[in-house]
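A structural walkthrough
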Amino acid sequence: MRNIESVTYNGEKIILLDQTKLPLEEVYLEIDSVKDVWDAIVQLKVRGAPAIGIAAAYGVALGASQLKEDDYESFAAKYEEISAYLASSRPTAVNLFWALNRMKNTLVANKEQPVAEIKQILLNEADAIKKDDAEICKSIGEHGLTLLKDGMTLLTHCNAGGIATAKYGTALAPIYLAKEKNMDIRVFADETRPLLQGARLTTWELMQADIDVTLITDSMAAIVMQQGKVDAVIVGCDRIAANGDTANKIGTYGLAVLAQKHNIPFYVASPLSTIDMETETGADIPIEERSAEEITCGFGNQTAPNGVKVFNPAFDVTPNDLITAIITEKGIISAPYSESLKNLF
Ligand SMILES: CSC[C@H]1O[C@H](OP(=O)(O)O)[C@H](O)[C@@H]1O
């Protein structure tokens, strides 16, 4: 499997794979400003909960490295402004806030150090967040692999692959590890309107890895399940509430309802960094709403009348009772999630 890195740091600049250019172009952006990190997150040039967290970690460290303040109090005040700005980019994926919180804790833990030292410590912490994520995703893959059998066909939604994380992905991690073991695993990838992360990114990733993938429109998920072609659904997530309700890309909830109707297991793959025990239920998860143009003029092709009213939530919430199991780096957990999630921490 070619390791395609969505976020790296070259000692001066953040290098981002521009995911809006895929699948036709593999373009890497050299980012040296916090504003450009913010823009990249907002425009989904970097996307996927863990990758957003990693980008924000490098973003706040990069911003801190450029600060002129040399006393801790002034430095920390400016640092807070940078962190708050990056936190304003997207509201749903809790990894953004989890990563910024971990970076803030690193700052405070080293407040007795000279500011120049702190700047390097922050960059090292961003590196650690990225390294940890790759190891966590591999572990999710290993646990998820226990659910797979030779000859299975999985359906996935959006992109929860290597480019949504540091490496391996979450939902796609078990599939990559199954490939390494020469298992015969096939995948249906929902195109995932309106931004087509499935059509553009998941098919691209899986084809790069020589994994059998079939692209379907979101509306075709029902018929492939009805025809008995799907053995399990596996998706990523952007925030899991303390009771197991899970926010993921819009369309996921409908898949979970369909899976229940057809007695098909519905798995969510999630690092602990995407589990938010401070958010009690799915009703408390902020759902990002995006521009009308993403629907009326997707990829520059107008397909709806000027001025039409549009509702464009980027995520929906799957109630915990529709989730068969949650695959984490610490193992696979099942209902009742209020208890099983608590035991992970
Ligand atoms: C491994 S996190 C993937 C998760 O993030 C995606 O959202 P977006 O493309 O808007 O960042 C989608 O919900 C995926 O399941």
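Residues numbered from 1 in each chain as written. Predicted model: local features only at pLDDT ≥ 70, side-chain atom pairs only at ≥ 80, totals over all residues. Heavy atoms only, no water.

1. Remarks on the packing of helix α3 (residues 72–87) against helix α4 (residues 94–109)
Angle between the axes and distance between the axes are the two parameters that describe a pair of packed helices. The contact between α3 and α4 brings their axes to 10 Å, and the two run at 175°. Relative to α4, the element α3 is oriented roughly antiparallel. In contact with Tyr72, Phe75, Ala76, Tyr79, Glu80, Ser83, Leu86 and Ala87 of α3, α4 contributes Leu96, Phe97, Leu100, Met103, Lys104, Leu107 and Val108. The residue inventory of the contact of α3 with α4, partitioned by class, reads twelve nonpolar, one polar and two charged. (Axes fitted to C-alpha atoms, helices over the stretch in contact; angles between N-to-C directions. Helix = DSSP H or I, 4+ residues; strand = E, 2+ residues; numbered from the N terminus. Parallel < 35°, antiparallel > 145°, perpendicular 65-115°, else oblique. Contact = heavy atoms within 4.5 Å. Nonpolar A, V, L, I, M, F, W, Y, C, P; charged D, E, K, R; others polar.)

2. Observations regarding the sheet that holds strand β4 (residues 153–156)
Strand pairing in a sheet relies on backbone hydrogen bonds. The paired strands run either parallel or antiparallel. Reading across from one edge, β6-β5-β4-β7-β10-β13-β14 is the order of the seven strands in this open sheet, with mixed pairing throughout. One side of each edge strand has no neighbouring strand; the edge strands of this open sheet are β6 (213–216) and β14 (331–333). Each strand axis lies, on average, 25° off the axis of its neighbour in the sheet, ignoring direction. In this sheet, β14 lies alongside strand β13 (residues 325–328) in antiparallel orientation, the contact comprising three bridges. In the strand pairing of β14, Thr328 is matched with Gly331. Contacting β10 (266–269), β13 and β14, helix α5 (residues 115–145) crosses the sheet at an angle of about 135° to β13. Against the sheet, helix α7 (residues 197–208) makes contact with β4, β5 (186–190) and β6, and its axis sits at roughly 160° relative to β5, the strand it touches most. (Pairing = 2+ DSSP bridges.)

3. Quick word on the pairing of β4
Note on strand geometry: in a regular strand, side chains alternate between the two faces of the sheet. Neither face of β4 is open: one carries Thr153 and Leu155, the other Leu154 and Thr156, and all of them are buried. As paired elements, β4 and β5 share four bridges and run parallel to each other. Bridge assignment links Leu154 to a residue of β5, and that residue is Val187. Taking the sense of rotation as the criterion, the β-α-β connection linking β4, helix α6 (residues 173–180) and β5 turns out right-handed. Pairing geometry for β4 and strand β7 (residues 232–235), over two bridges, is parallel. The partner of Leu154 across the bridge, within β7, is Ala232. (Buried < 20%, exposed > 50% of the residue type's maximum accessible area, 1.4 Å probe, protein only. Right-handed = clockwise from strand over helix to strand, strands pointing away.)

4. Comments concerning the UniProt feature "active site" (unreviewed entry) in the chain
UniProt's feature table lists "active site" (unreviewed entry) at Asp238, given in the numbering used throughout. You can see Asp238 is positioned in the loop between β7 and β8 (239–241). You can call Asp238 buried: its relative accessible area is 8%. Those residues in contact with Asp238, other than ones at most four positions away along the chain, are Ala49, Thr92, Ala93, Val94, Asn95, Ala247, Asn248, Lys249, Thr274 and Phe315. (UniProt positions renumbered as here; feature names shortened; annotations may be inferred.)

5. Details of the pairing of β7
Side-chain alternation along β7 places Ala232 and Ile234 on one buried face and Val233 and Val235 on a second face that is also buried. Relative to β10, β7 is paired through three bridges, and the arrangement is parallel. Along β10, the bridge assignment pairs Val233 with Phe266.

6. Remarks on the environment of Asn312
In this fold, Asn312 is placed in the loop between α10 (293–296) and β12 (315–318). Considered as a pair, Asn312 and Ile295 are 17 residues apart in the sequence and their alpha carbons are 7.5 Å apart. Setting aside its immediate chain neighbours within four residues, Asn312 contacts Pro194, Glu288, Glu289, Arg290, Ser291, Glu294 and Ile295. Among the polar contacts listed, one links the side chain of Asn312 to the side chain of Glu294, at a separation of 3.0 Å. (Polar contact = N/O pair within 3.5 Å; in protein donor to acceptor, adjacent residues only side chain to side chain.)

7. What about the domain arrangement of the chain?
The domains assigned to the chain are domain 1 (7–138) and domain 2 (140–344). The distance between the C-alpha centroids of domain 1 and domain 2 comes to 25 Å. The interface of domain 1 with domain 2 comprises 29 residues on the first partner and 37 residues on the second. The interface formed by domain 1 and domain 2 contains one salt bridge. Between Arg90 and Glu288 there is a salt bridge, with its nearest N and O atoms 2.9 Å apart. For the interface between domain 1 and domain 2, the tally reads 21 residue pairs in polar contact (both at pLDDT 80 or more). Within the residue set of the side of domain 1 that touches domain 2, elements represented by two or more residues are α2 (49–65), α4 and α5. With six residues, the single largest contributor to the side of domain 1 that touches domain 2 is α5. Taken together, the residues that form the side of domain 1 that touches domain 2 break down as 17 nonpolar, six polar and six charged. (Domains from an automatic or database assignment. Salt bridge = Lys/Arg side-chain N within 4 Å of Asp/Glu carboxyl O.)

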